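Residue-level structure breakdown
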Amino acid sequence: MTRIFSALLAVSVTISLLSIFASGLSAQTQSPDDVVWVQIEAQPSLAAATQSAQGYARQIEDVNGFSLGAGWYGIAVGPYRRADAEQVLRSYVRDRIVPRDSFIQSSDAFRQQFWPVGANVLNRGVLDAPSSVETTPAQTETAQTPTPEPDPIIQPADETLREAQRSERALTADERKDLQIALQWAGFYNAAIDGSYGRGTRASMAAWQEANDFERTGVLTTLQRAALLGQYNAVLDGLGLQLVRDDQAGIEMIMPTGEVGFTRYEAPFAHYDSNGDIGARVILISQKGDQSTLFGLYDIMQTLEIVPQEGPRNRGDRSFELVGQNAQIISQTQVSLRDGEVKGFTLIWPAGDEDRRTRVIAEMAQSFARLPGALDPAAGSNANQAIDLISGLQVRQPKLSRSGFFIDTRGAVLTTSEVVGSCGRLTLDGDSEAKVLAQDPASGLAILKPNNALAPLAVAAFNLAAPRLQSEVSVAGYSYEGVLSAATLTFGKLADIRGLQGEEDVSRLQLRAQTGDAGGPVFDASGNVIGMLLPKDTQGAALPEDVGFSRDSTAIADIAAQAGVALTAATQTGTAAPRDLRLAAQGMTVLVSCWE
C-alpha cells in the first residue's frame, strides 16, 4: 500500500471543498426554526482537526468537531436556531474570526464527535447565540453588512472520455489494483482486488463519480484517479508513516512516527510510546525461542491491559494474532516463529478511529521485515519492577476481588453479593469463569456456579446450631485481594450472636479482618463453618478496627435451598489442630474476582 502515498492530495482537497460548499448551499434552504450549525472548516486528518478546534475554542464559544466521512473532519459552532446561526456567521466573518467561506450546516452532515473529547452534543437541543454576538434582526444586519460570498473554487481541466481511456491503459497492474483498493475503502467496490476492470469495477467507478459530482462514465480521468487516491490517503495525513529500523530487536517496519517514538527496551519488548495527540503505541516483540515460547507468549499477552478481552484470537502452530477492544482502545498483535526466533508487533490505537487504524495496521504488517538477531533477554533497566508488571506492561487487574468458599462437591461457591454487581465476568482463583446461580443483596449472600466443573480440595461443613458466646472463631480469606497466593486465617472471638441493631441472623465478631476477607468462611473451634464474613458497611459509624460481622449458617441454608444446593452438615467435635484447620480453610477458600 505504501506506493499509494504518491497520490495528489491537493486534488482531493479541491473536490472535497466543492462537495462541502454544495452541502452548505443545500443547508441554507432549511426552515428558520431548524437546528443548524456554523461549519468553519474541514480538515483531512484528525490531528489537524483537533489542533484547529482547540485554536478556535480559545477565541469563541460552542466549538465542536465531528467526523464528516471519507477521512474528513469538520469544525463547527452550535447548535443554534437558524436565525441565531446566521447572526453568528455574519458576526464571526465580519470580525475575521472564521474563514469567509464558513457556512450554515445541518446536523445530518455530521457523524461521530471527536472534540471535545467524550462530548456528544448532536441531540442536546439548541444554544443561545454567544453574548459577544449582536442579536439584531437578520434583515437589518444583512442590509448593513452583506454576507461575503465564498471565493470561487475553480475545478482543474479534465480529460475527455477517450483521453481517460488512453491514460488508463498506461497504468501498471499494481496501479490498477490500488484504485480498486481505494474504491473498496470508499465503500463503492466489494469484489476481488485483481487489477481487472470488468463490469463490477466500472460500476463502482461510475458510482464514485456520481457521489463526487463528476460525469458518470465508468472510466476515471487522471484528475479523478488522483482525487480518489487523495481521499484514500488523506486519512493517514499527519501520522508520519516512515520505515523504522530497530537493530537490537531485529525488526524493520513502517510506523506512525508522528504519533509514536522509541522509549525503552524491556525484553522481550521494545516500547514505542505515544508522542502525539491520539495516544497510539507500538510494541515490537523479539526473543529467541521455540513453539513453547510462542504459546507461552500467546497466553501471557492476554493477561495484559493492552489486550482487552473482547475480540478474536487465532493461534496456529507457528504464529498467532490477537485483537482486543474496549471503549477506550483497540489493540492488534501479530507474532510468528521462524528460525528459532519469535518476532512480531502490537499496535495500540484509540477506539472509534477504525479508518486510520486499519490502514496503519495494514502498512505495518505489509512492511514488517525480520533482521538478523533477536532482543537480548537482559535488555532494559527493569527500573519499574512490580508484581503487576510484565516487561514494563501492566497486567490486567479486576475491578474488585473478595473471598468465597466451596459449599458442595460440584464447585458451587458462596461469596458476598458485593463482588458480583456490574461485572463483565466473574472468575474463581483468577482463571475459572463462573456465573451467578443465586443472590440476595438484602442478606449480602451470593452463590456462584463455575462454567466448568471443579473438584474442590475441601467443602464447607455447616454447624446450624447457635454458637457459644466468647468462643474462639477464625475467618479464612484473601485478605489483600489476591496479592498473596493462598488464603490466610485471622483469629478472634464471637462477641455476640446478634447484630448491632438486634439482627437475628447476624453475629458480631471480635477480630481484625481485612477488606478482601469479606465472603470468606467463619469457623468455630472445631473447624465447622458457622457463617460468612460480611463486608464492613458501618453506614458512617466509626467502629473499632476489631469489629466484624458474619451472616449465620441458617441464612446461608435458606439461599442454598433456593439455588438447589445441598449443604453438608457438620460432624467435627472438639478442637481442631491449627495445621488441620489451615489446610481445610485453604482447600475450600477461593479468590472471587469481578472484571470489566
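Before reading on, note that the structure itself is shown above.
**Some points on the packing of helix H6 (residues 173–185) against helix H8 (residues 222–234)**
Put simply, H6 and H8 touch, their axes get as near as 9 Å, and they point 55 degrees apart. As judged from the angle between their axes, H6 and H8 are oblique. Seen along the crossing, H6 lies across H8 with a hand that is left-handed. Contacts between H6 and H8 involve Asp-178, Leu-179, Ile-181, Ala-182, Leu-183 and Trp-185 from the first element and Arg-225, Leu-228, Leu-229, Gln-231 and Tyr-232 from the second. When the residues that make up the contact of H6 with H8 are grouped by side-chain class, the tally is 8 nonpolar, 1 polar and 2 charged.

**Concerning the side chain of Asp-552**
With respect to the secondary-structure elements, Asp-552 resides in strand E29 (residues 547–552). Arg-551 provides the closest opposite charge to the buried, unpaired Asp-552, separated from it by 6.9 Å. Engagement of the side chain of Asp-552 in a polar contact is seen with the backbone nitrogen of Ala-555, the distance being 3.2 Å. Ignoring any residue separated from it by four or fewer positions in sequence, one finds Asp-552 in contact with Glu-504, Asp-505, Val-506, Ile-530 and Gly-531.

**Digging into the sheet that holds strand E4 (residues 103–106)**
Spatial strand order, E4-E1-E3-E2-E5: 5 strands in an open sheet with antiparallel pairing. Strands at the two margins of the open sheet, each flanked by one partner only, are E4 and strand E5 (113–115). The average angle at which neighbouring strand axes cross in this sheet is 45 degrees, direction not considered. Examined bridge by bridge, strand E1 (residues 35–43) and E4 share 4 bridges and lie antiparallel to one another. Across the sheet, residue Val-36 finds its bridge partner in E4, namely Ser-106. Along the sheet, helix H2 (residues 46–57) makes contact with E1, strand E2 (63–69), strand E3 (72–81) and E5, crossing E5 at roughly 60 degrees.

**Let's talk about the state of the cysteines**
Inspection of every chain in the model, using the stated rule, returns 1 disulfide. Disulfide pairing places Cys-423 opposite Cys-594 at an S-S distance of 1.9 Å. Its S-S torsion of approximately -120 degrees makes the covalent link between Cys-423 and Cys-594 left-handed. Note that Cys-423 is positioned in the loop between strand E19 (413–416) and strand E20 (425–428) and Cys-594 in strand E31 (residues 589–595), a separation of 171 residues in sequence. Taking relative accessible area as the criterion, Cys-423 reaches 23% and is therefore assigned partly exposed.

**Things to note about the sheet that holds strand E6 (residues 241–246)**
The strands that make up a sheet are held in pairs by hydrogen bonds between backbone atoms, and each pair lies either parallel or antiparallel. The 3 strands lie next to each other as E6-E7-E15, forming an open sheet whose pairing is antiparallel. Two strands close off the open sheet at either side, each with one partner strand: E6 and strand E15 (369–370). With respect to the sheet, helix H10 (residues 354–367) is in contact with E6, strand E7 (251–256) and E15, its orientation differing from that of E7 by roughly 165 degrees.

**Concerning the nonpolar core**
Counting 51 residues, the largest nonpolar core has Val-77 and Leu-284 as the members making the most contacts within it. Of all the elements, helix H3 (residues 82–94) adds the most residues to this core, at 5 residues. Contact partners of Leu-284, with chain neighbours within four places excluded, come to Asp-246, Ala-249, Ile-251, Met-253, Met-255, Pro-268, Phe-269, Ala-270, Tyr-272, Gly-344 and Phe-345. Among the nonpolar cores identified, the runner-up in size contains 27 residues, and Phe-462, Val-506, Phe-523 and Ile-559 belong to it.

What counts, and where the lines are drawn
For every chain, the first residue of its written sequence is number 1, and the numbers climb from 1 along that sequence. Under the rules for a predicted model, residues below a pLDDT of 70 receive no local features and side-chain atom pairs below 80 are neither given nor counted, while totals for whole chains, interfaces and linings still include all residues. Side-chain calculation: all heavy atoms of the structure are included, whereas hydrogens and water are not. Interaxial angle, 0 to 180 degrees, is taken between N-to-C directions of lines fitted to C-alpha atoms, where a helix line uses only the stretch in contact. Secondary structure elements are taken from DSSP: a helix is a run of H or I of four residues or more, a strand is a run of E of two residues or more, and numbering for both begins at the N terminus. Any angle from 65 to 115 degrees is called roughly perpendicular, while one under 35 is roughly parallel, one over 145 is roughly antiparallel, and all others are oblique. For any helix crossing, the convention is left-handed if the near helix is rotated counterclockwise from the far helix by under a right angle, and right-handed if that rotation is clockwise. In this analysis, two residues are considered to be in contact whenever any of their non-hydrogen atoms come within 4.5 Å of each other. As a working rule, the residues Ala, Val, Leu, Ile, Met, Phe, Trp, Tyr, Cys and Pro are called nonpolar, Asp, Glu, Lys and Arg charged, and the rest polar, with Gly in that last group. Accessible area is worked out with a 1.4 Å probe on protein chains only. A residue is then buried under 20% of its type maximum, exposed over 50%, and partly exposed in between. Asp and Glu count as negative and Lys and Arg as positive, but His and the ends of the chain are not part of the count. Salt bridges are identified by distance alone: a Lys or Arg side-chain nitrogen within 4 Å of an Asp or Glu carboxyl oxygen. Pairs of N or O atoms are called polar contacts if they sit within 3.5 Å, as long as, within protein, a hydrogen donor faces a hydrogen acceptor (for residues adjacent in sequence, only side-chain-to-side-chain pairs). The criterion for strand pairing is that DSSP finds at least two bridges linking the strands in question. Sulfur atoms of two cysteines make up a disulfide when they are within 2.5 Å. Grouping buried Ala, Val, Leu, Ile, Met, Phe, Trp, Tyr and Cys residues that are joined through side-chain atoms within 4.5 Å yields what is termed a nonpolar core.

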